[in-house]
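Per-entry structural report
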Amino acid sequence: MGQAVLKAKTPADHEALAKYFDVAAKEMQSKLQEHQKMYEQYQAESQYYGRQGLDMESMCRGLIHAYEQAAKESMDMAASHRKMAAEAK
């Protein structure tokens with residue numbers, strides 16, 4: 001992907017990259033929602049999970065944060081490439 005970003009010159013190149021980053025952001029948001037649901041389940045049923053549940057809650061919180069960051073970065077990259085595509089026209 002790094003080479004594609006570096007080689008992007010035309011509006012079509014930047015539009016293609018924007019679409020790629022849109023898809024990546026949606027994937028990250030999907031994973032984020034999945035881990036939020038797991039986190040809520042661990043919290044709601046913590047009495048059944050014991051110490052392992054606390055570990056899983058902590059892991060889910062970490063993944064939620066990572067997926068939030070990744071989704072935001074992908075959305076920012078998509079917006080940036082759309083801007084570059086518009087400027088290159």
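**Some thoughts on the overall build of the chain**
Secondary structure assignment for the chain yields three helices and zero strands. Reading the chain from its N end, one meets helices and strands in the order α-α-α. Structurally, the chain occupies a C-alpha span of about 60 × 20 × 15 Å along its principal axes. Taking all 89 residues of the chain together, the buried fraction comes to 25%. Considering only contacts in the chain between residues 6 or more positions apart, those separated by 24 or more positions represent 66%. Split by element, the accessible area of the chain, about 6200 Å² in all, is 54% carbon and sulfur. Looking at the chain, you have 12 positive and 13 negative side-chain charges, and the mean spots of the two groups are 7 Å apart.

**Things to note about the confidence of the model for the chain**
Segments scoring low in pLDDT should not have their predicted coordinates read at a detailed level. The predicted model of the chain has a mean per-residue pLDDT of 92, with 100% of residues at 70 or higher. Looking over the chain, one finds the lowest element-wise mean pLDDT in helix H1 (residues 2-7), namely 81, and the highest in helix H2 (residues 11-44), namely 95.

**Brief notes about the pattern of salt bridges**
Taken as a whole, this structure holds three salt bridges when the rule is applied. Residue Arg82 is joined to Asp22 by a salt bridge in which the shortest nitrogen-to-oxygen separation is 2.1 Å. In this pair, Arg82 is assigned in helix H3 (residues 46-88) and Asp22 in helix H2, connecting sequence segments 60 residues apart. Salt-bridge contacts for Asp55 lead to Arg51; the nearest nitrogen and oxygen are separated by 3.5 Å. In this pair, Asp55 and Arg51 are both assigned in helix H3, four residues apart and thus about one turn of the helix distant. Residue classification places Asp55 among the partly exposed residues on the basis of a relative accessible area of 39%. With relative accessibility at 59%, the residue Arg51 sits in the exposed group.

What counts, and at which threshold
Residues numbered from 1 in each chain as written. Predicted model: local features only at pLDDT ≥ 70, side-chain atom pairs only at ≥ 80, totals over all residues. Heavy atoms only, no water. Helix = DSSP H or I, 4+ residues; strand = E, 2+ residues; numbered from the N terminus. Buried < 20%, exposed > 50% of the residue type's maximum accessible area, 1.4 Å probe, protein only. Contact = heavy atoms within 4.5 Å. Areas by Shrake-Rupley, 256 points an atom, 1.4 Å probe, with all protein chains shown as cover. Lys, Arg positive; Asp, Glu negative; His and termini not counted. Charge placed at Lys NZ, Arg CZ, Asp CG, Glu CD. pLDDT = per-residue confidence, 0-100. Salt bridge = Lys/Arg side-chain N within 4 Å of Asp/Glu carboxyl O.

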